[in-house]
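# Survey of secondary and tertiary structure
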Amino acid sequence: MISRNLKDIMASEGVEEIKTEGAFNPEYHHAVGVEASEDKNEDEIVKVLQKGYMMKGKVIRPAMVTVCKK
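This text gives an overview of the structure that appears in the document.

## What to know about the overall build of the chain
In terms of regular secondary structure, the chain is built from one helix and six strands. The order of helices and strands in the chain, counted from the N terminus, is α-β-β-β-β-β-β. Taking 70 residues into account, the globule formula puts the C-alpha radius of gyration at 11 Å, and the chain, at 14 Å, lies well above it. For the chain, the C-alpha atoms occupy an extent of roughly 40 × 25 × 15 Å along the three principal directions. Summed over its atoms, the accessible surface of the chain is roughly 5300 Å², and 53% of this surface lies on carbon and sulfur atoms. The averaged location of the 12 negative side-chain charges in the chain is 6 Å from the averaged location of its 11 positive side-chain charges.

Dropping the structure here:
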């Protein structure tokens, strides 16, 4: 219940989670590792290590991700 209330308050203030599907974008993602993957394309996000957040269109914490390199 507390977690849900906190999420509702954050959403009402304009905080939203950064999307981490698809291609790596250095404006929104912080690459902390590289991994080879047959299922993913070059520079596509393989794993999300920490969620990132934006507030009113500005990044307040980039998402920490692992990126595919072949």
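## Overview of unusual backbone geometry
Even without being glycine, Asp43 reaches a positive phi, approximately 60 degrees. By the element assignment, Asp43 lies in the loop between strand 2 (29-35) and strand 3 (45-50). Backbone geometry places Lys56, a non-glycine residue, at a positive phi of 55 degrees. A relative accessible area of 65% places Lys56 in the exposed class.

## Observations concerning the layout of surface pockets
Put simply, the largest pocket is a space of about 260 Å³. If you go around the largest pocket, the residues you meet are Ser3, Leu6, Lys7, Met10, Ala11, Val15, Glu16, Glu17, Lys51 and Tyr53. For the lining of the largest pocket, the secondary-structure elements that each account for two or more residues are helix 1 (2-12) and strand 1 (15-17). Examining the composition of the lining of the largest pocket, we find that five residues originate from one element, helix 1, more than from any other. Tallied by class, the residues present in the lining of the largest pocket amount to five nonpolar, one polar and four charged.

## Observations concerning the sheet that holds strand 1
With respect to topology, three strands assemble into an open sheet ordered 1-4-5, the strand pairing being antiparallel. Sheet topology places strand 1 and strand 5 (58-61) at the edges, where each strand pairs with a single neighbour. Across the sheet, the mean angle from the axis of one strand to that of its neighbour is 35 degrees, orientation sign disregarded. When strand 4 (residues 53-55) meets strand 5, the two strands line up antiparallel, connected through three bridges.

Cut-offs used in this document
Residues numbered from 1 in each chain as written. Predicted model: local features only at pLDDT ≥ 70, side-chain atom pairs only at ≥ 80, totals over all residues. Heavy atoms only, no water. Helix = DSSP H or I, 4+ residues; strand = E, 2+ residues; numbered from the N terminus. Rg over C-alpha atoms; globule rule 2.2 N^0.38 Å. Areas by Shrake-Rupley, 256 points an atom, 1.4 Å probe, with all protein chains shown as cover. Lys, Arg positive; Asp, Glu negative; His and termini not counted. Charge placed at Lys NZ, Arg CZ, Asp CG, Glu CD. Buried < 20%, exposed > 50% of the residue type's maximum accessible area, 1.4 Å probe, protein only. 1 Å grid on protein atoms, 1.4 Å probe; cavity = no way out; pocket = protein on both sides within 12 Å on 5 of 7 lines; lining within 4 Å. Points joined across faces, edges and corners; volume = space filled by probe spheres on them. Nonpolar A, V, L, I, M, F, W, Y, C, P; charged D, E, K, R; others polar. Pairing = 2+ DSSP bridges. Axes fitted to C-alpha atoms, helices over the stretch in contact; angles between N-to-C directions.

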